[in-house]
Amino acid sequence: PYIEPRRHYRFDEDGITDEIVEERRISSYFVPIPKAKTRNKQQLRLETEWTQEREKLNDEINRIRERVALWRQGGYQGITSVTRRLLEHWRDPERERRLFFCQIEALETAIYITEVAARYGDNWIQNSLQAANAESNPLLYRVAFKMATGSGKTVVMGMLIAWQALNKLANPQDGRFSDTFLIVTPGITIRDRLRVLLPNDPNNYYKALNLLPADMQDSLLQATVLITNFHAFKLRESTAAGRLTKAILASGVSDASSFTETPDQMVRRVCRDLGKKKNIVVINDEAHHCYRRKPDGDEPRLKGDERKEAQKREEEARIWISGLEAVKAKLGVKVVYDLSATPFFLRGSGYREGTLFPWVASDFSLIDAIESGIVKVPRVPVADDAMDSQGPTYRDLWLRIRDELPKKGRGTEIGRAH
């Protein structure tokens, strides 16, 4: 897990094989096949095939990976002294708690895009990311890191904060960096778990996981880090009036939304603890929940619970991204870093379900994490379809176990209930 993957198991049309390929797996993903209206055995079989037609190569990610690898091999040229110290500290083989390669590669990618790419004629990287954002997030500049669950995304957030903040504090005039951060999560539980990213928290990761050299620890206390969940972006009622009062007052005004916060008021409420800070860095945790629906996208034909679930997801996504756009308009947002194991568009987004966010810059997939020994092989439940003359085992479970149970109590209510 501490070095770049050098070999992988090959996939074929039937799935993963035991054949080892002596090189790193290229970044790709498998496009889901739409569910058929009528289902039969042939269609069920096709839905689980790993055919070449379904595989989508992530060409931009692979090109960026190659450029970052060359830069790494060349000794990290073209970076600030602060960034160099951090990279040397993170890669130190004598560390008590070594960092995973995938964690360091995510930071290398962010650093290369911000500090290095333009110096070596790789402006195409930022141009490609900006084009992807112009189509899907025209008011924001987002860079996404795809990291498998269990590969340490929270640690990467801490590394991003340390890299950005310490560079800004060392050179306040450098517009590439910021010392102010807004971390947005999809729920309260995750928000509380991310308290380890607050520099003044007694259990913070910067000290607990030795993310910074000792002489830089105190400097990070000057950074401002705010953690919230996207629900806070929902516009609240600004006037505490009863329903009847509102109805009476609304009859005399043209816009009943006068009783609701404006986006500016919402930003002042949510970002109050940021003070007068501007041009902040946003970090989205589980960022696949944050997207703007494609205006001209196809409307999936959903019914019942599926339709309600899709509408709920779309509303949550709208609140999240609209909130970030309001923060950008009020305070300025330098960059949005997205972290997710599954940065794919969801059903009902207007994009084809399972399409990768086009602003993903690095990829360390679940199969990579399994082969690197970072996460365990998932165990998939298997249906009991073993047949004998009496049918499936669990169809008549009582008939199969009753003779083995104690006879005492069978006639009682308790016995019958059991």
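Above this text sits the structure in question.
J.: What should I look at first to understand the packing of helix H3 (residues 81–91) against helix H4 (residues 101–116) in this one?
T.: Put simply, H3 and H4 touch, their axes get as near as 11 Å, and they point 165° apart. One way to sum up the angle between H3 and H4 is to call them roughly antiparallel. The crossing of H3 and H4 is left-handed. The segment H3 lies against H4, with Thr83, Leu87, Trp90 and Arg91 engaging Ile104, Leu107, Glu108, Ile111 and Glu115. Across the contact of H3 with H4, the residue classes break down as five nonpolar, one polar and three charged.

J.: Can you help me understand the packing of helix H2 (residues 59–73) against H4 in this one?
T.: The axes of two packed helices give the description: the angle between them and the distance between them. Two elements in contact, H2 and H4, have axes whose closest approach is 10 Å; the angle formed by their N-to-C orientations is 90°. Our classification of the angle between H2 and H4 gives roughly perpendicular. Where H2 approaches H4, its residues Ile64, Arg65, Arg67, Val68, Trp71 and Arg72 are matched on the opposing element by Phe101, Glu105, Glu108, Thr109, Ile111, Tyr112 and Val116. For the contact of H2 with H4, a count of residues per class yields seven nonpolar, one polar and five charged.

J.: Hey, could you run me through the environment of tyrosine 120 in this one?
T.: Topologically, tyrosine 120 is positioned in the loop between H4 and helix H5 (123–136). Owing to a relative accessible area of 41%, tyrosine 120 belongs among the partly exposed residues under this scheme. Considering only alpha carbons, one finds tyrosine 120 and glutamine 77, 43 residues apart in sequence, at a separation of 9.9 Å. Apart from the residues within four sequence positions on either side, tyrosine 120 is in contact with Arg67, Gln77, Gly78 and Tyr112.

J.: I tried to follow the sheet that holds strand S6 (residues 180–185) on my own but got confused; where do I start?
T.: To summarise the sheet geometry, strands pair through backbone hydrogen bonds and adopt either a parallel or an antiparallel arrangement. Judged by pairing direction, the sheet is parallel, and its six strands sit side by side in the order S7-S6-S8-S9-S5-S10 without closing on themselves. Both outer strands of the open sheet, strand S7 (224–229) and strand S10 (360–364), are each paired with one neighbouring strand and no more. The mean angle between the axes of side-by-side strands here comes to 15°, regardless of whether they run parallel or antiparallel. Of the pairings in the sheet, the one linking strand S8 (residues 280–285) to strand S9 (residues 333–340) comprises six bridges and is parallel in character. Looking across to S9, one finds that valine 282 is bridged to valine 336.

J.: What should I look at first to understand the pattern of salt bridges in this one?
T.: Oppositely charged side chains can pair when the atoms bearing their charge come close. For the structure on display, the rule yields 21 salt bridges. With a closest N to O distance of 2.7 Å, arginine 72 and glutamate 108 form a salt bridge. Note that arginine 72 is positioned in helix H2 and glutamate 108 in helix H4, a separation of 36 residues in sequence. Neither residue differs from the other here; arginine 72 and glutamate 108 are each classed as buried. Residues lysine 146 and aspartate 363 are paired through a salt bridge, measuring 3.0 Å at the closest nitrogen-oxygen approach. Pair noted here: lysine 146 is in strand S5 (residues 142–147) and aspartate 363 is in strand S10, with a separation of 217 residues, a long-range link.

J.: What is the right way to read the pairing of S6 from this model?
T.: Across the six residues of S6, six count as buried, placing the element largely inside the fold. Here S6 shows no split at all, with Thr180, Leu182 and Val184 on one side and Phe181, Ile183 and Thr185 on the other all buried. In the sheet, S6 pairs with S7 via six bridges, with the strands oriented parallel. Bridging across to S7, threonine 180 finds its partner in threonine 224. Two strands pair when backbone bridges link them, and S6 and S8 are joined in this way by four bridges, in the parallel orientation. Across the sheet, isoleucine 183 pairs through a bridge with isoleucine 283, a residue of S8.

The rules we used
Residues numbered from 1 in each chain as written. Predicted model: local features only at pLDDT ≥ 70, side-chain atom pairs only at ≥ 80, totals over all residues. Heavy atoms only, no water. Axes fitted to C-alpha atoms, helices over the stretch in contact; angles between N-to-C directions. Helix = DSSP H or I, 4+ residues; strand = E, 2+ residues; numbered from the N terminus. Parallel < 35°, antiparallel > 145°, perpendicular 65-115°, else oblique. Left-handed = near helix turned anticlockwise from the far one by under 90°. Contact = heavy atoms within 4.5 Å. Nonpolar A, V, L, I, M, F, W, Y, C, P; charged D, E, K, R; others polar. Buried < 20%, exposed > 50% of the residue type's maximum accessible area, 1.4 Å probe, protein only. Pairing = 2+ DSSP bridges. Salt bridge = Lys/Arg side-chain N within 4 Å of Asp/Glu carboxyl O.

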